[in-house]
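Structural overview
The primary structure of each chain is shown beneath.
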Amino acid sequence: MPSLRAVVLLGLSVVSTSLAAVVPGFNYGSQKVRGVNLGGWLVLEPWITPSLFDNTGDSRIVDEFTFGQFQDHGKALGVLQNHWNTWITEADFQAIAAAGLNHVRIPIGYWAYDVSGGEPYIQGQLPYLAKAVSWAGKYGIKVIVDLHGVPGSQNGFDNSGQKTSNPSWHLSQSNIDRTNAIIKQIANTYKDSSSVVPAIGALNEPNGSLGQKMLDVTRQYWFDSYGNIRFPYGTSQQSNTVLVIADAFQGLGFWQGFMPSPNWEGVMMDTHIYQMFSDGVSCCIGVNKPAANISDYYQENHRSNQEHISSACSQGSSLSSFSLWVIVGEWTPAATDCAKYLNGRGIGSRYDGSFPGSSRVGSCTGLTGKASSFSSAYKTFLRQYWEAQTSTYEQGQGWIQWAWKTEITDEWSYQAGLANGWIPQNPTTRAFPNICG
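As the structure is a prediction and not an experimental result, all values here were calculated from the model. Each chain has its residues counted from 1, following the order in which its sequence is written. Restriction of local features to residues with pLDDT of at least 70 applies here, the model being predicted, together with a cutoff of 80 or more for giving and counting side-chain atom pairs; totals for whole chains, interfaces and linings are based on all residues. Excluding hydrogens and water, the side-chain values take into account all heavy atoms of the structure.

1. A few points about the state of the cysteines
Disulfide: a pair of cysteine sulfur atoms within 2.5 Å of each other. Scanning all chains against the criterion turns up two disulfides. The side chain of Cys-313 participates in a disulfide bridge whose partner is Cys-436; the two sulfur atoms lie 2.0 Å from each other. One quick way to see it: the torsion about the S-S bond of Cys-313 and Cys-436 is about -80°, and its sign makes the bridge left-handed. Remark: Cys-436 occurs in the segment after helix H13 (414-420) and Cys-313 occurs in helix H10 (residues 305-313); sequence separation between them is 123 residues. In this scheme, a residue with accessible area under 20% of its type's maximum is buried, one over 50% is exposed, and one in between is partly exposed, where area comes from a 1.4 Å probe on protein chains only. Residue classification places Cys-313 among the buried positions, given a relative accessible area of 19%. Only DSSP runs of H or I reaching four residues or more are called helices, and only runs of E reaching two or more are called strands; each is numbered from the N terminus.

2. Section: the packing of helix H5 (residues 90-98) against helix H6 (residues 126-139)
Where H5 meets H6, the closest approach of the two axes is 9 Å, and the angle between their N-to-C directions is 35°. Between H5 and H6 lies a crossing of right-handed hand. Contacts between H5 and H6 involve Glu-90, Phe-93, Gln-94 and Ala-97 from the first element and Ala-132, Trp-135, Ala-136, Lys-138 and Tyr-139 from the second. For the contact of H5 with H6, the class distribution of residues is six nonpolar, one polar and two charged. Between N-to-C directions, angles cover 0 to 180 degrees, with each direction set by a line fitted to C-alpha atoms, over the stretch in contact for helices. Take the far helix as your reference; a near helix turned counterclockwise from it by less than a right angle gives a left-handed crossing, and one turned clockwise gives a right-handed crossing. The contact rule is simple, with two residues in contact once any of their heavy atoms fall within 4.5 Å. Amino acid classes used here: Ala, Val, Leu, Ile, Met, Phe, Trp, Tyr, Cys and Pro are nonpolar; Asp, Glu, Lys and Arg are charged; the rest, including Gly, are polar.

3. Quick word on helix H7 (residues 173-190)
To estimate how far a helix should extend, the number of its residues minus one is multiplied by 1.5 Å. Helix length check: H7, at 18 residues, gives a terminal C-alpha distance of 26 Å against a target of 26 Å (1.5 Å per residue), a fit within 8%. The term polar contact refers here to a pair of N or O atoms within 3.5 Å; inside protein, the definition further demands a hydrogen-donor-capable atom paired with an acceptor-capable atom, and it admits residues adjacent in sequence only when both atoms are side-chain atoms. Its side-chain oxygen 3.3 Å from the backbone nitrogen of Ser-174, Ser-172 forms the N-cap of H7.

4. What about the side chain of Asn-301?
Looking at the secondary structure, you find Asn-301 in the loop between strand E6 (267-272) and H10. Note on Asn-301: relative accessible area 3%, which makes it buried. Side-chain polar atoms of Asn-301 contact the backbone oxygen of Met-276, separated by 2.8 Å. A distance of 3.4 Å separates a polar side-chain atom of Asn-301 from the backbone nitrogen of Asp-337.

5. What to know about the environment of Ala-419
Relative to the helices and strands, Ala-419 resides in helix H13. Classification of Ala-419 as exposed rests on a relative accessible area of 64%.

6. Points about the confidence of the model for the protein
Chain-level pLDDT for the protein is 92 on average; 91% of the residues reach the 70-or-more range. pLDDT runs from 0 to 100 and stands for how confident the predictor is about each residue. With pLDDT under 50 throughout, residues 1-19 is counted as low confidence; its partners more than four residues away or in other chains account for one contact.

7. Looking at the environment of Gly-357
Take Gly-357: it is sitting in the loop between strand E7 (325-330) and helix H12 (376-393). Considered as a pair, Gly-357 and Pro-427 are 70 residues apart in the sequence and their alpha carbons are 39 Å apart.

8. A short note on the pattern of salt bridges
When the charged atoms of two side chains lie near each other, side chains of opposite charge can form a pair. Salt-bridge detection follows one rule: a side-chain nitrogen of Lys or Arg within 4 Å of a carboxyl oxygen of Asp or Glu. All told, the structure shown has 13 salt bridges when counted by the stated rule. Note that Arg-105 and Asp-146 form a salt bridge whose closest N and O atoms lie 3.2 Å from each other. Here Asp-146 lies in strand E3 (residues 142-149) and Arg-105 lies in strand E2 (residues 103-109), a separation of 41 residues in the sequence.

9. Points about the nonpolar core
Counting 113 residues, the largest nonpolar core has Trp-41, Trp-222 and Tyr-414 as the members making the most contacts within it. Aside from chain neighbours lying at most four places away, what touches Trp-222 is Ala-202, Leu-203, Pro-206, Leu-243, Ile-245, Ala-246, Trp-255, Phe-258 and Met-259. We call a set of buried residues a nonpolar core when its members are Ala, Val, Leu, Ile, Met, Phe, Trp, Tyr or Cys and they connect through side-chain atoms within 4.5 Å of each other. Within the second largest apolar cluster, ten residues are counted, among which are Phe-26, Tyr-28, Ile-144 and Ile-400.

10. A closer look at the environment of Ser-160
Within the fold, Ser-160 resides in the loop between E3 and H7. Judged by its relative accessible area of 1%, Ser-160 falls in the buried class. Remark: the alpha-carbon pair of Ser-160 and Ile-108, spanning 52 residues in sequence, is separated by 9.4 Å. Ignoring any residue separated from it by four or fewer positions in sequence, one finds Ser-160 in contact with Trp-111, Tyr-121, His-148, Gly-149, Val-150, Ser-153, Gln-154 and Asn-155. There is a polar contact of 3.2 Å between the side chain of Ser-160 and the backbone oxygen of Gln-162.

What follows is the structure in structure tokens.
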């Protein structure tokens, strides 16, 4: 029989352990994440706001880097300031809360914090991020601040700030050092604000298909970010901020058992699931399949509506069995890549065969654009596919749809879905409760 002193000491150790544990500003693990990405706001994307790019009259302007590079600074700054002031406002946060959503994920680029070496990026985003956090607090919405682009680019996508066939973030220690300094700054900004900003996304979509070097650098960066985000006080004191890491397009299985509890606390995985990209690793975002089976996913645009739904429903077991909290931080009810500039400014779609080397499925007419051009059957499919995905993704910790709003592509817009009936006013309402069987 243990002595009374031993029991007391054991009790004290349990108490101290529980007091030291992270207490997130949202009940991840018990309450489901339901949210939207505020895409195209503080990080430009040509397909979300094509007018900003088309109005330049310069086909070289394909991302935020070239937006600053090939325009007069004053002109570009004026366009950006107007965009920042109008694209997302307090009214959007009010509407997001009214739609029953509890999270927004806000992409931000490294250049909002650090421009050097002649980089042409235009700054001025941070006051708007501060406004967004204030509005979120007012309406009871949680914010995930997501570092969406880093020096050299982590993936070469236009949404990293710089579209390039040679992303080099992982090849330069200077790039990595700058990124770690920025994460420290973000963590320091929100270390005492976890009730509104419960989590920080350390890096969006590092492209693991670039090779072992990228995977090694990314893995180390997750460890460094754990220290920077979870321990921002310069002491042994932990913050309550959750570190969000990404699967680097490797699927969840690759990361199973990574950063295990109790040695690591307050870590969440973000996986992105799309069914319209078929070039390289982009075909398989979120898909947990061995490499031998990846070819099964190369013809996503050729899937029937039912096949899209079935594929979404099949994701549940990998989400529910993953070793960390896992959210599907990007996904969409759109099932094709028909949206103008989705594959890059001036680049066509695989679905209609206008993407180089693609195999045409059919016309994009009626599948993208304004909801007024959508048939009732198409809107019914959008509702079914939306319900299949949200129901499935809640087998993990939940979901954050891409995106809240778009200029001309309603099939991607949560706002348009609400207005036109393929997204319910209450995100738990089901018109097709047995969609996944």
